[in-house]
Amino acid sequence: MDEILDGTTQIDCDILIIGGGTAGPMAALKAKRKNPEANVVLLDKANVKRSGAISMGMDGLNNSVIPGYATPEQYTKEITIANDGIVDQKAVYRYADECYGIIQELDQFGIRFQKDQNGEYDVKKVHHIGTYVLPMPNGDTVKKALYRQLRKARINIVNRYMATRLLTGEDRIAGAICVNTRTAEFLVVRAKAVIMALGAAGRLGLPSSGYLYGTYENASNSGEGYAMSYHAGAGLANLECFQINPLIKDYNGPACAYVAGPMGGYTANAQGERFIECDYWSGQMMQEFYDELQGGKGPVYLKLNHLAEETVAEIERVLHIVERPTRGHFHKGRGTDYRTEMIEMHISEVGFCSGHSASGVFVDEHARTTIPGLYAAGDMANVPHNYMLGAFTNGAFAGLDAVDYIKDVDFADFDMGEVDAEQTRVLAPTKRDDGIPPNQIEYKTRRFVNDYLQPPKVTAKMELAQRRFAEVRHDMENEMYVRDSHELMRSLEASTILDCADMAAAASLYRTESRWGLYHNRVEYERDDENWFCHTILTKGDDGKPAHRKQPVQPYVVEIDDDEKNAYANQRVNSTVAAE
Ligand SMILES: Cc1cc2nc3c(=O)[nH]c(=O)nc-3n(C[C@H](O)[C@H](O)[C@H](O)COP(=O)(O)OP(=O)(O)OC[C@H]3O[C@@H](n4cnc5c(N)ncnc54)[C@H](O)[C@@H]3O)c2cc1C
């Protein structure tokens, strides 16, 4: 049992980085290198050595913009089109322009990228228009290599503290409140700047397996980045643009467009026919996937059984060794083999994640949020489709900018009453002798997310969701109880998930049009550029509930021709192609 201990410690630092997965470590490294005198703290609810989405390994960089293969203009165009035009291009362009430098740095860290006989990066085509996928033959070592750099740079690492609320004062960031996941002791961190890199909200929908932690996303990313930003008053963009992925059924891992696609694999219907032009994950592609299932041609499969033995063996090596060892065990246990049969896929649970879609805390091209001194990068910031290299690169931007920001500021004063209020909120479930355990609160919330918010979205269902969520909140606030500090962490996560569910429903109801394919398919509405060619920004209203506003899309820096705008809309192959 993880005993619940009393106690509060306060520490001060120049820059607090919350989340030591992908974006966070790069932010820390860049900040420390730019100003070695700065006191940089990297805090994680797990252990930075093995935390976050890349903890087990990655098969490649999904979106590298490498001179000779792609240009920043081309990439900016591609992401703009894939995201139905709702993109502030400056942030995408800056990423595209500078990500090559980050690749070279990662290369120097010892993360090897695939090269051809001439020693050039061996980039593969998966996207609809350009060529950006760079395989990583030893991608299983990515986190280890990153961690070595953190040690070398002497970054202060604080493990096993979960951030629960941001502190603000004087209209800017002041720090954060954190709870030890093993002892429940509090840590108040005063900071001149805070960088949030807490990853996706990966436990919003419930996987079809029913397992709370059987999510596609790293399961410790339960959405605190989104909830904390909301409670601190930051703006969150386009939360109705859900993340939904095509995954291996019951394993819930990538199927995988980025590995199998360039080697000749593809998504097929039950007849073994290819039905989508491009396996790149987009809302439009997911809509076709959904339509195929609804049209009675499902299940949908990953088709590799037409490939040569050497090709299948290589796909297995990458997916089962480099990326996720559990995947090989899964297929072995089930008795499925890529060589002899197609592998069943399905549609994942919904989540918030800009890494794969666009829903995130609003940031500009410097990773600045709407609160001075507060930054966000990686899956929780709203730079669309930015994946792992986007997390590294935008994390770097945040670290560099934060170092400049702290030059001119001291610690902001904040109200200690906020800390007291947070301690009361956090510890409330420990004060009860009996009641509802957090896992039941979480299960119920996420089941309602599936029942009522899973696209296609229907107004009456989403309104019902809001009523059900209010009932769950009442139960949570009055009856949730925990027995130890581990359950306390789960109770905090349950509360975050409920906040995210409320935001997902409110944002989805606000945008009265359909956009981004399946991600925001509202059955009663067509796409409506006249009224909705804009971002939606969600903030916490004066009544404590989500408030909304429209925000114009910034003028494009890369023009899109009229005949290019719908390139992602036509994802269905004209006549289905029988398996070779
Ligand atoms: C299964 C899978 C496969 C993928 N494959 C690829 C691929 O092959 N190529 C590619 O380019 N991209 C891939 N991606 C996407 C890529 O991994 C992510 O976009 C990227 O790693 C996100 O980085 P991040 O820093 O935002 O989040 P993460 O790396 O997940 O880091 C978030 C960190 O925040 C911590 N945290 C969460 N909540 C709290 C809290 N309350 N307090 C303190 N700490 C907290 C977590 O413990 C974690 O360490 C994949 C993603 C997944 C899930």
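It should be emphasised that the depicted structure is a prediction, and the values quoted were computed from it without experimental measurement.

What follows is about the overall build of the protein. Along the protein, the regular secondary structure elements total 14 helices and 19 strands. Relative to the 2.2 N^0.38 estimate, which gives 25 Å for 580 residues, the radius of gyration of the protein is 23 Å and therefore close to what a compact globule would have. With respect to the three principal axes, the spread of C-alpha positions in the protein is 65 × 55 × 50 Å. Within the protein, the fraction of its 580 residues that count as buried is 54%.

We note that the domain assignment places domain 1 (246-347) and domain 2 (425-552) within the protein. Inter-centroid distance (C-alpha atoms) of domain 1 to domain 2 is 31 Å. Counting from both sides, the interface comprises seven residues of domain 1 and, opposite them, five residues of domain 2. Of the residues assigned to the side of domain 1 that touches domain 2, the class counts are three nonpolar, four polar and no charged.

A separate point is the sheet that holds strand β9 (residues 236-237). Here we have four strands laid out as an open sheet, ordered β15-β9-β17-β18, and antiparallel in their pairing. Both outer strands of the open sheet, β15 (360-361) and β18 (546-552), are each paired with one neighbouring strand and no more. Pairing analysis gives two bridges linking β9 to strand β17 (residues 534-540), with the strands arranged antiparallel. Each bridged residue has a counterpart across the sheet, and for Leu-236 the counterpart in β17 is Leu-538. Those strands touched by helix α13 (residues 485-510) are β9, β17 and β18, and its axis lies near 140° from that of β17.

Here we come to the packing of helix α11 (residues 438-453) against α13. Orientation of α11 relative to α13, taken along the N-to-C sense of each, is 20°, at an axis distance of 8 Å. Judged on the interaxial angle alone, α13 and α11 are roughly parallel. By crossing handedness, the relation of α11 to α13 is classed as left-handed. Seen from α11, the contacting residues are Pro-438, Asn-439, Ile-441, Glu-442, Thr-445, Arg-446, Val-449 and Leu-453; seen from α13, they are Glu-487, Arg-490, Ser-491, Glu-493, Ala-494, Ile-497, Leu-498, Ala-501, Ala-504, Ala-505 and Ser-508.

By nearness alone, 42 residues border the ligand, and Gly-19, Gly-21, Gly-52, Gly-355 and Gly-378 come closest of all. Those elements giving two or more residues to the shell around the ligand turn out to be α1 (23-34), β3 (60-61), β6 (161-169) and α9 (387-407). Sorting elements by how many residues they give to the shell around the ligand places α9 first, with four residues. The residue makeup of the shell around the ligand, split by class, is 20 nonpolar, 16 polar and six charged.

Okay, the UniProt feature "domain: FAD-dependent oxidoreductase 2 FAD-binding" (unreviewed entry) in the protein next. What UniProt calls "domain: FAD-dependent oxidoreductase 2 FAD-binding" (unreviewed entry) maps, in this numbering, to residues 14-382. Within residues 14-382, the helical portion is 27% and the strand portion 19%, while the C-alpha atoms at the span's ends are 25 Å from each other.

Let us now look at the packing of helix α3 (residues 89-109) against α9. Packed helices, taken two at a time, are described by the angle between their axes plus the distance between the axes. Running from N to C, α3 and α9 point in directions that differ by 100°, and their axes come no closer than 9 Å. Judged by the inter-axis angle, α3 sits roughly perpendicular to α9. Residue-level inspection shows Tyr-95, Glu-98, Cys-99, Ile-102 and Leu-106 of α3 in contact with α9, the latter providing Leu-389, Gly-390, Phe-392, Thr-393, Asn-394 and Ala-396. For the contact of α3 with α9, the class distribution of residues is seven nonpolar, three polar and one charged.

So, about the pairing of strand β14 (residues 343-347). Sheet analysis places strand β10 (residues 246-248) next to β14, joined by three bridges and oriented antiparallel. Looking at β14, one finds that Pro-246 is bridged to Ile-347. Strand direction decides the pairing type here: strand β13 (residues 301-303) and β14, joined by two bridges, are antiparallel. If you follow Tyr-301 over to β14, its bridge partner there is Glu-344.

As a further point, take the nonpolar core. Where a protein is soluble and globular, its nonpolar side chains tend to be buried together. Formed by 182 residues in total, the largest nonpolar core has its most connected members in Ile-17 and Ile-195. A total of 13 residues in this core trace back to one element, the largest contributor, which is α13. When residues of this core are assigned to domains, at least three map to each of domain 1 (246-347) and domain 2 (425-552). If sequence neighbours within four positions are ignored, Ile-195 has contacts with Ile-15, Ile-17, Ala-27, Tyr-375, Ala-377, Ala-398, Gly-399 and Ala-402.

With respect to the helices, strands and loops of the structure, Leu-464 is situated in helix α12 (residues 459-479). For the pair formed by Leu-464 and Ala-505, sequence separation is 41 residues and the distance between their alpha carbons is 9.7 Å.

Here is what the cut-offs are and how they apply
Per chain, residue numbering runs from 1 following the sequence as it is written. Residue-level local features of this predicted model are given only where pLDDT is at least 70; pairs of side-chain atoms are given and counted only at 80 or more, and the full residue set underlies all totals for whole chains, interfaces and linings. Counting from the N terminus, the helices are DSSP H or I runs at least four residues long and the strands are E runs at least two residues long. A radius of gyration in this sense is built from C-alpha atoms; the matching globule rule multiplies 2.2 Å by the number of residues raised to 0.38. With C-beta atoms placed from the backbone, a residue is labelled by how many other C-beta atoms lie within 10 Å of its own: buried for 20 or more, exposed for 12 or fewer, partly exposed between the two. Domain segmentation is taken from an automatic or database assignment of domains. Residue pairs are scored as contacts if the distance between their C-beta atoms, which are placed from the backbone, is within 7 Å. Amino acid classes used here: Ala, Val, Leu, Ile, Met, Phe, Trp, Tyr, Cys and Pro are nonpolar; Asp, Glu, Lys and Arg are charged; the rest, including Gly, are polar. Strand pairing requires that DSSP identify at least two bridges connecting the strands. To define axes, lines are fitted to C-alpha atoms, for helices over the stretch in contact only, and angles between the resulting N-to-C directions are given on a 0 to 180 degree scale. Angle categories: roughly parallel below 35 degrees, roughly antiparallel above 145, roughly perpendicular from 65 to 115, and oblique for all the rest. By the definition used in this description, the sense in which the near helix is turned from the far one sets the handedness, with an anticlockwise turn below a right angle giving left-handed and a clockwise turn giving right-handed. Note on definitions: a residue is near a molecule or strand provided its C-beta atom, placed from the backbone, lies within 6 Å of it. UniProt positions are given in the numbering used here, feature names are shortened, and annotations may be inferred rather than shown by experiment. One nonpolar core equals one set of buried Ala, Val, Leu, Ile, Met, Phe, Trp, Tyr and Cys residues connected by C-beta atoms within 7 Å.

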